[in-house]
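Structural features, examined
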Amino acid sequence: MFDKILIANRGEVALRIMRACKELGVKTVAVYSTEDEDTYPVQYADEAVCIGPAPANKSYLVMPSIIMAAKNHGCQAIHPGYGFLAENADFARACAENDIVFIGPSPECIEGMGDKSTARETMRACGVPTVPGSDGIVDTVEEAQAFAERVGYPVLIKATAGGGGKGMREVHDPADLASEFQAARTEAQAAFGNGDVYLEKLVLRPRHVEIQVLADDFGTRVSLCERDCSIQRRHQKLLEEAPSPALTEEIRRAMGVAAIKAVRAVDYRNAGTIEFLLDQDGKFYFMEMNTRVQVEHPVTEEITFTDIVKEQIRIASGEPMSCGERAPFVPHGHAIEFRINAEDPEHGFRPCPGTITRFEPPAGPGVRVESYVHTGSRISPYYDSLVAKLIVRGSDRAEAIARGKRALEEFKIEGIKTTIPFHQRVLENECFLAGDACTDFIETQMGDVL
């Protein structure tokens, strides 16, 4: 096991990793920008290093500063969390070149799975179902038109690099293809420095279901059940639950088998997520792989009694994962995660940075809150708007929903607008209560919010 780990992140995920380290007896080093100097994770860590001013490209994204901080403070490993440098192969490679363990997969895995076109071809070759798509990168509008005419509209244009819905365009009308193709390339170039795109047949009204996987150096590969992440806005997840109310035992087993095939195909190590689209007929298709811990990992922890962050650290240190002997996993109970963002749902989810004048999280049976703020904390405009994650667990989905309603009512945040009222409305929606929510849930069920 490591003696000391540097956490190359901020906010609630930095604190989450530090808590796991403390339970493992590992010292922690926080890095922070001048904007985050007074935040709780910086105070909680055993040591802390300022690495630059507020903008992320001058602090949390500056690889040499982070590597130097780790070396100067005697860290054997770096945990990147999610976002920032978590899926940056160059950073993982820089860690190795400086004899520092990157707590995550190899640079080759990050590169191979980070390029969505390559990832899709890899999955197709190993027998994982994939959505019909173009053969690699599409360079011209003419190639895009030929593909769309062959598979039929609608089609989806997707950036081969990055994520979060950037560089992604749905095309339902052939007249829109040329303009949307160029728009996707321009947005992808601006967001990721890579304007390459590919095309897929658009799966109408799918559900977004993902499988959490873990793999160690001893040949143990496990799938920790699934999460349903269908409630999204512009491809950004807002609420996740586990297990998915849409899956039968047969589909769950098949999806788990496909996820392990994917892990074997790329010789994956550490924690990762295989994301699938589930259509209305119960068929599923590989969408992408996230080579890091996910924001929504707590719902899987709650139904499998597994600490995914601790397992990440054990695997990276060369130890076998402790949960391997419990595979195959079956879900116990039901969990829902609500992302509490500093946003105003009544005005198009407009960001609402500012100072929190009251912060009183809920408590009681089956309630877990992951946050880094308190009364008086300032939500910065420089970073992600996530304030807290509320996770509730029940013996079944009905109890989890009832517990979620109670916890959201108890959760008091003042001084800024948050998404708490939005989540309360979701839990009153008949489509959600019936377990029928698809990725178009907000557009079809909550259009007035938009």
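Residues numbered from 1 in each chain as written. Predicted model: local features only at pLDDT ≥ 70, side-chain atom pairs only at ≥ 80, totals over all residues. Heavy atoms only, no water.

Where an unreviewed UniProt entry is consulted, the chain appears under the name Biotin carboxylase, with the organism given as Candidatus Aveggerthella stercoripullorum. Under the UniProt heading Subunit (unreviewed entry), the note attached to the chain is "Acetyl-CoA carboxylase is a heterohexamer of biotin carboxyl carrier protein, biotin carboxylase and the two subunits of carboxyl transferase in a 2:2 complex." Listed under Pathway (unreviewed entry) in UniProt, the entry text for the chain is "Lipid metabolism; malonyl-CoA biosynthesis; malonyl-CoA from acetyl-CoA: step 1/1." (UniProt positions renumbered as here; feature names shortened; annotations may be inferred.)

Of all 8 residues that make up strand β14 (residues 334-341), 8 are buried, and the element is covered over most of its length. The two faces of β14 match: H334, I336, F338 and I340 on one face and A335, E337, R339 and N341 on the other face are all buried. (Buried < 20%, exposed > 50% of the residue type's maximum accessible area, 1.4 Å probe, protein only. Helix = DSSP H or I, 4+ residues; strand = E, 2+ residues; numbered from the N terminus.)

The next point concerns unusual backbone geometry. Of note, the bond from Y153 into P154 is cis; its omega dihedral lies within 30 degrees of zero at 0°. By the secondary structure assignment, P154 is in the loop between α7 (141-151) and β6 (155-159). Here the bond from A242 into P243 is cis, since omega is -5°, no more than 30 degrees from zero. Tracing the chain through its elements places P243 in the loop between β11 (236-242) and α9 (249-265). Its identity is not glycine, yet H235 carries a phi of approximately 70°, on the positive side. As for its placement among the helices and strands, H235 is situated in the loop between β10 (221-233) and β11. Assessed through its relative accessible area of 37%, H235 is described here as partly exposed. You will see that F349, though not glycine, has its phi angle at about 60°, which is positive. Following the sequence through the fold, F349 ends up in the loop between β15 (343-344) and β16 (350-351). Looking at F349, the relative accessible area reads 4%, which means it is buried.

Our next topic: the nonpolar core. If you look at the biggest cluster of nonpolar residues, it comprises 36 residues, and the most contacted ones within it are F2, I5, I103, L214 and I313. Broken down by secondary-structure element, the contributors of at least two residues to this core are β1 (4-7), α1 (11-24), β10, α10 (297-304), α11 (308-316) and β21 (386-394). Considering each element in turn, this core owes the most residues, 6 residues, to α1. What L214 contacts, discounting residues up to four positions off in sequence, is T220, R221, V222, L224, N270, A271, I308, E311, I315, M321 and C323. Core analysis: the second largest hydrophobic core is formed by 35 residues, F349, V367, I413 and I442 among them. (Core = buried A, V, L, I, M, F, W, Y, C linked by side-chain atoms within 4.5 Å. Contact = heavy atoms within 4.5 Å.)

With respect to the secondary-structure elements, H297 resides in helix α10. Its relative accessible area of 1% is what places H297 among the buried residues. Reaching out from H297, the side chain makes a polar contact with the side chain of R16 at a distance of 3.3 Å. A polar contact of 2.8 Å, which involves the side chain of H297, links it to the backbone oxygen of Q294. If near-sequence neighbours (up to four positions away) are discounted, H297 is found in contact with R16, Q212, R227, I308, V309 and K389. (Polar contact = N/O pair within 3.5 Å; in protein donor to acceptor, adjacent residues only side chain to side chain.)

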